[in-house]
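Understanding the architecture of this molecule
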Amino acid sequence: MELLLRDTFLEVNLDNIIYNMKNIKEMVGEEVAIAAVVKANGYGHGAVGVAQELMENGADYLAVATLTEALDLRRHFADYKIFIMGFTPDKYLEHVVKNDITQTIFSYRQAEILNDYGNKYNKIPVVHIKYDTGFNRLGFRDSKESIDEIEKISKLPNLNVEGIFSHLALTNKEEDEKQYRKLVKVIESLEERGIKLKYKHIEDSISAVDYPEFRMNMIRPGAIIYGIKGFHYGTLDLKQALTLKTKVYNVRKVSKGEGVSYSYVWRAERDSIIGTVPFGYADGYPRNLTGKGFVTIHNQKAPIIGIICMDQCMVDLTDIEEVCEGDEAIIYGDGTNNTLDIHNASLLGSTNKNEIMSRIGMRVPRVYIKDEKIVNIINYI
Ligand SMILES: *Cc1c(COP(=O)(O)O)cnc(C)c1O
């Protein structure tokens, strides 16, 4: 196992990831495949670090956004099915084929390029067709010409058109249903032309829980794998998998009137005890939590005071008994014992939960826990 050489680290509870995966699988049933979304380094948890647990507990695919993410997984896992949900420019498509990665496409041009590389490398590249049902981000525009083009793609000899999918805007149930109906209609039109695709999918985490009737035969959950709830109508039992931890590195007395951190934005209103904790915005902690954030020490909230620096910040320990250098501080917890959970961190930081998790940087080692024991450590640098 790699050495842990930093006291600020992200602890990932693999038992919780397994618990979430099993509950997701149970929710959708055997008939629905799961493309487990591990883009953005597995929403911060470490894509490579969680991949095996996902694939062994109900995932059929690992889904990412970029070729680079796909290649990182391929280097570690020769046999897993990997799916790029985003666009890959023509000049990179050769790598997709060489590495047996399933690619999203929405043009005949790219289908042809992949087909040709299939010929060259004696492979049958696998693709999923992206169809735009309203999001206006990627995908075939909704038109008869698009259906014609998909038909043409399906006739390419060296290409496996395995699936078709779309992405919901999550506007409201009425709008989401319109998008779903559009995709169903396209699938029907294709089937009338004799084109049958194995996988059809439109749902992410929130929609997979809220709209069981739109699951088709594959879903693409991300957030819920990591125990993050954003759904409104359905229910699904989940456990947050991550805890961001650090240690107090320095404890000092600061007299009334003294300033702390840049510009002395914070000044002591009383004689205070100030702790320095070794994490900052370069670790992905939102700088705009200056004046709002806190860490949890001895199950008590220690407010972050002064401007959050790149690598460190200071916390007010005056009201917490007997904090010593080396004591543990929880930056993000699951909300119990006065910890800041991801949901509340996102509210404080005026952003969403996925951003809070995915911005946790490469400088933060990942420590994986199973049965309360450390089973793996990943250092990126
Ligand atoms: C990120 C992403 C998902 C997963 O989103 P969650 O909200 O985290 O479940 C699904 N599909 C696509 C196309 C995505 O980009």
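Residues numbered from 1 in each chain as written. Predicted model: local features only at pLDDT ≥ 70, side-chain atom pairs only at ≥ 80, totals over all residues. Heavy atoms only, no water.

1. Regarding the site of the ligand
Within the structure, the ligand sits among 13 residues, and Lys 39, Tyr 43, Ser 205, Arg 220 and Gly 222 are positioned closest to it. Within the contact set of the ligand, an oxygen atom lies 2.5 Å away from a side-chain nitrogen or oxygen of Tyr 43. Tallied by class, residues from the shell around the ligand come to five nonpolar, four polar and four charged. (Near = heavy atom within 4 Å. Polar contact = N/O pair within 3.5 Å; in protein donor to acceptor, adjacent residues only side chain to side chain. Nonpolar A, V, L, I, M, F, W, Y, C, P; charged D, E, K, R; others polar.)

2. Points about the sheet that holds strand 4 (residues 82-84)
Reading around the barrel, the eight strands line up as 2-3-4-5-6-7-8-9 and close back on themselves, with parallel pairing between neighbours. As paired strands, strand 7 (residues 160-165) and strand 8 (residues 199-203) are joined by three bridges and run parallel to one another. Across the sheet, the residue bridging to Ile 164 is Lys 200, located in strand 8. Along the sheet, helix 6 (residues 108-121) makes contact with strand 5 (102-105) and strand 6 (126-130), crossing strand 5 at roughly 155°. Against the sheet, helix 8 (residues 173-192) touches strand 7 and strand 8, its axis set at about 170° to strand 8. (Pairing = 2+ DSSP bridges. Helix = DSSP H or I, 4+ residues; strand = E, 2+ residues; numbered from the N terminus. Contact = heavy atoms within 4.5 Å. Axes fitted to C-alpha atoms, helices over the stretch in contact; angles between N-to-C directions.)

3. Observations regarding the domain arrangement of the protein
Domains assigned within the protein are domain 1 (15-225) and domain 2 (242-340). Of note, the centres of domain 1 and domain 2, computed from C-alpha atoms alone, are 42 Å apart. (Domains from an automatic or database assignment.)

4. Considerations on helix 8
The terminal C-alpha atoms of helix 8 lie 28 Å apart, and with 20 residues this matches the ideal 28 Å at 1.5 Å per residue to within 8%. For helix 8, the full list of buried residues reads Asp 176, Gln 179, Tyr 180, Leu 183, Val 184, Val 186, Ile 187 and Leu 190. Down the axis of helix 8, the sector holding all buried residues measures 155°, keeping them to one side. What points out from helix 8, more than 90 degrees from its buried face, is the exposed set Glu 174, Lys 185 and Glu 192. Those residues of helix 8 hidden inside the fold are in contact with helix 7 (144-154), strand 7 and strand 8. The backbone nitrogen of Glu 174 has a side-chain oxygen 3.1 Å away, supplied by the residue at the start of helix 8, namely Asn 172. Backbone geometry just downstream of helix 8 places Gly 194 in the positive-phi region, at approximately 85°. (Expected span 1.5 Å × (residues − 1). Buried < 20%, exposed > 50% of the residue type's maximum accessible area, 1.4 Å probe, protein only. Arc of directions from axis to C-beta.)

5. Thoughts on the UniProt feature "active site" (unreviewed entry) in the protein
Residues given the UniProt feature "active site" (unreviewed entry) here are Lys 39 and Tyr 262. With the annotated positions falling across 224 residues, the maximum pairwise C-alpha distance of 35.0 Å shows that they are not confined to a single cluster. Considering the arrangement of structural elements, one finds Lys 39 in helix 2 (residues 39-43). Sequence-distant contacts of Lys 39, defined by excluding residues within four places in its chain, comprise Ala 63, Val 64, Ala 65, Glu 69 and Met 85. (UniProt positions renumbered as here; feature names shortened; annotations may be inferred.)

6. Brief notes about the side chain of Asn 57
Relative to the helices and strands, Asn 57 resides in the loop between helix 3 (47-56) and strand 3 (61-64). Take Asn 57: its relative accessible area is 16%, and that puts it in the buried class. Once you skip the residues sitting within four places of it in the chain, Asn 57 turns out to touch Ile 18, Met 21 and Lys 22.

7. Topic: the packing of helix 1 (residues 14-28) against helix 3
It is the contact of helix 1 with helix 3, at a shortest axis distance of 9 Å, that shows an interaxial angle of 40°. With respect to their mutual orientation, helix 1 and helix 3 come out oblique. In this structure, helix 1 crosses over helix 3, and the sense of that crossing is right-handed. Where helix 1 approaches helix 3, its residues Leu 14, Ile 17, Ile 18 and Met 21 are matched on the opposing element by Gly 49, Val 50, Glu 53 and Leu 54. Among the residues forming the contact of helix 1 with helix 3, the class breakdown is six nonpolar, one polar and one charged. (Parallel < 35°, antiparallel > 145°, perpendicular 65-115°, else oblique. Left-handed = near helix turned anticlockwise from the far one by under 90°.)

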